[in-house]
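Analysis of the macromolecular model
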Amino acid sequence: MSRVFEDDFGWRARFDERPDGTVHGVVVTADRKIIWDREFPDMATALSHFRLIYPNFQEVA
């Protein structure tokens, strides 16, 4: 499962859940520079860390 978020400046975040339940999260700027690239044990942990650092992102449907 993947979840994608975006802010008002065109930055995007993507979280991909692997079959073993671990999650890879990445945030890229509008000009596609990776500024945050992390591994997490699960989606809940990934999103809680992400929301602390980047509170203004909205999930893209």
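Residues numbered from 1 in each chain as written. Predicted model: local features only at pLDDT ≥ 70, side-chain atom pairs only at ≥ 80, totals over all residues. Heavy atoms only, no water.

Right, let's talk about the sheet that holds strand 1 (residues 2-6) for a bit. In spatial order, the strands read 4-3-2-1-5; together these five strands make up an open sheet with antiparallel pairing. A strand with exactly one partner marks an edge of an open sheet, and here the two such strands are strand 4 (34-40) and strand 5 (58-59). In terms of strand pairing, strand 1 meets strand 2 (residues 12-17) through five bridges, oriented antiparallel. When the bridges of strand 2 are listed, serine 2 appears paired with aspartate 16. Helix-sheet contacts for helix 1 (residues 43-53) involve strand 1, strand 2, strand 3 (23-28) and strand 4, and the interaxial angle to strand 2 is about 165 degrees. (Pairing = 2+ DSSP bridges. Helix = DSSP H or I, 4+ residues; strand = E, 2+ residues; numbered from the N terminus. Contact = heavy atoms within 4.5 Å. Axes fitted to C-alpha atoms, helices over the stretch in contact; angles between N-to-C directions.)

As for its placement among the helices and strands, isoleucine 34 is situated in strand 4. The sequence separation of isoleucine 34 and serine 2 amounts to 32 residues, and the corresponding C-alpha distance is 18 Å. If we skip the residues at most four places from it in the chain, isoleucine 34 touches Val26, Val27 and Val28.

Below, the discussion takes up the nonpolar core. Core analysis: the biggest nonpolar cluster contains 13 residues, and Phe5, Ala13, Phe15, Val27, Trp36, Phe50 and Phe57 have the highest contact counts within it. Counting residues per element, this core draws most heavily on helix 1, at four residues. The contacts of valine 27, once residues within four sequence positions are left out, are Trp11, Arg12, Ala13, Lys33, Ile34, Ile35, Trp36, Phe50, Tyr54 and Phe57. (Core = buried A, V, L, I, M, F, W, Y, C linked by side-chain atoms within 4.5 Å. Buried < 20%, exposed > 50% of the residue type's maximum accessible area, 1.4 Å probe, protein only.)

A few words on the pattern of salt bridges. Pairs can form between side chains of opposite charge whenever their charged atoms are close. In the structure shown here, the tally under the stated rule is five salt bridges. Of the charged contacts in the structure, one is a salt bridge between arginine 12 and glutamate 6, with a shortest N-O distance of 2.4 Å. Here arginine 18 and glutamate 39 are joined by a salt bridge, their closest N and O atoms 2.5 Å apart. Within this pair, whereas arginine 18 is found in the loop between strand 2 and strand 3, its partner glutamate 39 is found in strand 4, the two being separated by 21 residues in sequence. (Salt bridge = Lys/Arg side-chain N within 4 Å of Asp/Glu carboxyl O.)

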